[in-house]
Amino acid sequence: MLAFLIGLIVTPVVRRGAIAIGLIDRPDAFRKIHSKAIAYGGGLGVLLTVTVSLIVFASLSDTWFMRATDRTLEFIGLAAAGALICLIGLWDDYLGLGGKKKLLGQAIASSIVLATGPGVEDISLFGWPLHLGVFVYPALLIWLLFAINSVNLIDGMDGLASSVAISMAGALAIIGLWNGHPAEAVVALALAGSLFAFLVYNFFPASIFLG
């Protein structure tokens, strides 16, 4: 709820800023069916909302603050990776960026998450343990790249990508709580709340896109 309320304020501010600097998606005669220019930058609004809501929540909750400070490196890595992905997206929307460069940037961001996150030894796939040994991190890197682009590639219809991402974040929150990982659940819920707020402005007819 905190992320949702903050997002309702942050998203229109980002939208006005994007319009002011010309960060907009103009319609064309081919695949873009909207009738007027629409602001990009929704991803920046979501990132800012998640960040602010987690900081506010940490200041209000002693339990959350203690959990966060116990895992400072993981949160710093996650924040850095999220910021990098956001910058890559803004650069691509504003100036254009080739596919290879985008993939390289995504790989760097994913590597930051893997380098700062908890150590991983094995992967379980539908309940079946997979002992990958030294190949576990390359496998996780590929999985993260697929996860990033699975959302990126469906962002072509008002409200579609944000709705799917809300479902993903909600599922991660449930999995986190079910398995005794409340910190991950809180981050996922902050993301879901931020996306709900963004969806208010992204639902048909959209006035801002994720980009």
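The structure this text deals with has already been given above.
Quick caveat, the model's predicted, so the values are computed rather than measured.

Undergrad: For the overall build of the chain, give the residues involved together with the corresponding values.
TA: Of regular secondary structure, the chain possesses eight helices and four strands. Ordered by position from the N terminus, the helices and strands of the chain form the series α-β-β-α-α-α-α-β-β-α-α-α. Based on the C-alpha atoms only, the size of the chain along its principal axes is roughly 50 × 40 × 25 Å. For the chain, long-range pairs separated by at least 24 residues make up 65% of all intrachain contacts whose partners lie at least 6 apart in sequence. By element, 73% of the accessible surface of the chain is carried by carbon and sulfur atoms, the whole surface being about 12900 Å².

Undergrad: Give me the nonpolar core: which residues, what numbers.
TA: By size, the foremost hydrophobic cluster in this structure holds 22 residues, and its most contacted members are Val46 and Leu54. Secondary-structure elements contributing two or more residues to this core are β2 (38–39), α2 (42–60), α7 (160–178) and α8 (182–202). The element contributing the most residues to this core is α8, with seven residues.

Undergrad: Requested: an account of a nonpolar patch on the surface, with residues and values cited.
TA: A cluster of nonpolar residues, Ile21, Trp91, Tyr94 and Leu95, forms a patch on the protein surface that exposes about 480 Å² of accessible area. Note that tyrosine 94 resides in helix α4 (residues 72–94). The exposure class assigned to tyrosine 94 is partly exposed, which follows from its relative accessible area of 46%.

Undergrad: If you had to explain the pattern of salt bridges to someone new, which residues and values would you point to?
TA: Enumeration over the complete set of coordinates arrives at one salt bridge. Aspartate 92 serves as the salt-bridge partner of lysine 102, at 3.3 Å between the closest nitrogen and oxygen. With lysine 102 in helix α5 (residues 99–116) and aspartate 92 in helix α4, this residue pair connects regions lying ten residues apart in the sequence.

Undergrad: Describe in detail the packing of helix α1 (residues 2–21) against α2, supporting the description with residues and values.
TA: Packing of α1 against α2 brings their axes to within 9 Å, and their N-to-C directions diverge by 140°. Here α1 lies oblique to α2, going by the angle between them. Handedness of the crossing formed by α1 with α2: right-handed. Between α1 and α2, the residues in contact are Leu2, Ala3, Ile6, Gly7, Val10 and Val14 and Gly45, Leu48, Thr49, Val52, Ser53, Val56 and Phe57, respectively.

Undergrad: Describe in detail the environment of alanine 188, supporting the description with residues and values.
TA: Take alanine 188: it is sitting in helix α8. On the accessibility criterion, alanine 188 (7% relative accessible area) is buried. Along the backbone, alanine 188 and alanine 169 are 19 residues apart, and their C-alpha atoms lie at a distance of 5.0 Å. In this structure, alanine 188 is in contact with Ala169, Leu172 and Ala173, ignoring residues within four places of it in sequence.

Conventions we followed
Residues numbered from 1 in each chain as written. Predicted model: local features only at pLDDT ≥ 70, side-chain atom pairs only at ≥ 80, totals over all residues. Heavy atoms only, no water. Helix = DSSP H or I, 4+ residues; strand = E, 2+ residues; numbered from the N terminus. Contact = heavy atoms within 4.5 Å. Areas by Shrake-Rupley, 256 points an atom, 1.4 Å probe, with all protein chains shown as cover. Core = buried A, V, L, I, M, F, W, Y, C linked by side-chain atoms within 4.5 Å. Buried < 20%, exposed > 50% of the residue type's maximum accessible area, 1.4 Å probe, protein only. Patch = residues over 30% accessible without salt bridge, like charges linked within 9 Å, V, L, I, M, F, W, Y side chains within 5 Å. Salt bridge = Lys/Arg side-chain N within 4 Å of Asp/Glu carboxyl O. Axes fitted to C-alpha atoms, helices over the stretch in contact; angles between N-to-C directions. Parallel < 35°, antiparallel > 145°, perpendicular 65-115°, else oblique. Left-handed = near helix turned anticlockwise from the far one by under 90°.

These figures come from the coordinates and say nothing about function on their own.
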